[in-house]
Amino acid sequence: MSKHASATPSASSVPAFTLSRRRLLGAACVGAATGALLLSPVAPAWAAAETELAVFMDLSKRLTGRSDLDARFGQRLYDTLVKRDTGFATSLGELQGKLGKTPQGLSEKARDVTRQILSAWYLGMVGSDYTATVVGYPDALMFKAAGGVIKPRAFCYGMPGSWAEKPGFGRA
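Here's a quick rundown of the structure. All values reported here derive from a predicted model rather than from experimental measurement. Sequence order sets the numbering: in each chain, residues are counted from 1 along the sequence as written. Local features in this predicted model are restricted to residues of pLDDT 70 or higher, and side-chain atom pairs are both shown and tallied only at a pLDDT of 80 or more, whereas totals for entire chains, interfaces and linings draw on every residue. Remark: hydrogens and water are excluded; side-chain values derive from all non-hydrogen atoms of the structure.

1. Here's the deal with the overall build of the protein chain
Here a helix means four or more residues in a row that DSSP labels H or I, a strand means two or more in a row labelled E, and each is numbered from the N terminus. Scanning the protein chain for helices and strands turns up 6 helices and 2 strands. Beginning at the N terminus, the succession of helices and strands in the protein chain can be written as α-α-α-α-α-β-β-α. Buried, partly exposed and exposed residues are distinguished by accessible area as a fraction of the type maximum, computed with a 1.4 Å probe on protein chains only: under 20%, between the cut-offs, and over 50%, respectively. For the protein chain, buried positions account for 21% of its 172 residues. Here, two residues are considered to be in contact whenever any of their heavy atoms come within 4.5 Å of each other. The long-range share in the protein chain, meaning contacts at least 24 apart out of those at least 6 apart in sequence, stands at 53%. Approximately 12,900 Å² of the protein chain is accessible, and the part contributed by carbon and sulfur atoms is 62%. Here the Shrake-Rupley method, with its probe set to 1.4 Å, supplies the accessible areas, and only the displayed protein chains count as covering residues.

This is the structure we're talking about:
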């Protein structure tokens, strides 16, 4: 046999999985990060936020009477509502317990939260003052309520500022 001929190594001499220091260190880091995330106080807060979002979506479906609400749009609405009102999440829990009652049986705070949820879904924006936040105008339920016939335009006719000119009477 020549010295350049290759010999087939036996099955026992080649390990099925080579463990290098880099792989061992990577696996240890991933394991430590996963354990830290699961045992940290962030995990219960993350689960609580998911629960609050589920309550918001359930209330939204009950208030709007629609079961086909967009979950991503709902997430954005919920985040914006919570950002504007820090007590919004606790108000959701109170409203969920009282929703079977007549509107006269609801407290003023529960009626306000109901108005906020409905106006956010139907108008696509949160708030009504000069600091209102537009979350998703084309996704608003006001267009779906019309049966999809009305589509919001994303452009204006005419030149910029043409709306400011006095309209002419008749065409020449």
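2. Details of the nonpolar core
Residue types Ala, Val, Leu, Ile, Met, Phe, Trp, Tyr and Cys, when buried and joined through side-chain atoms within 4.5 Å, form a set referred to as a nonpolar core. Core analysis: the largest hydrophobic core is formed by 23 residues, its most contacted members being F56, L77, F88, L92, L95, I117 and W121. Of all the secondary-structure elements, those providing two or more residues to this core are helix 2 (42-64), helix 3 (71-84), helix 4 (88-98) and helix 5 (108-123). Other than its neighbours up to four places away in sequence, I117 contacts F56, S60, L63, F88, L92 and L95.

3. A look at the pattern of salt bridges
For this analysis, a salt bridge means a side-chain nitrogen from Lys or Arg found within 4 Å of a carboxyl oxygen belonging to Asp or Glu. On inspection of all chains with the given rule, the structure shows 5 salt bridges. The closest approach of N and O atoms between R111 and E108, which form a salt bridge, is 3.7 Å. Taken together, the positions of R111 and E108, both in helix 5 and 3 residues apart, correspond to about one turn of that helix. Given the relative accessible area of 32%, R111 is considered partly exposed.

4. Topic: the side chain of S91
Along the polypeptide, S91 turns up in helix 4. Owing to a relative accessible area of 5%, S91 belongs among the buried residues under this scheme. Leaving out residues up to four positions away in the same chain, S91 has contacts with K109 and V113.

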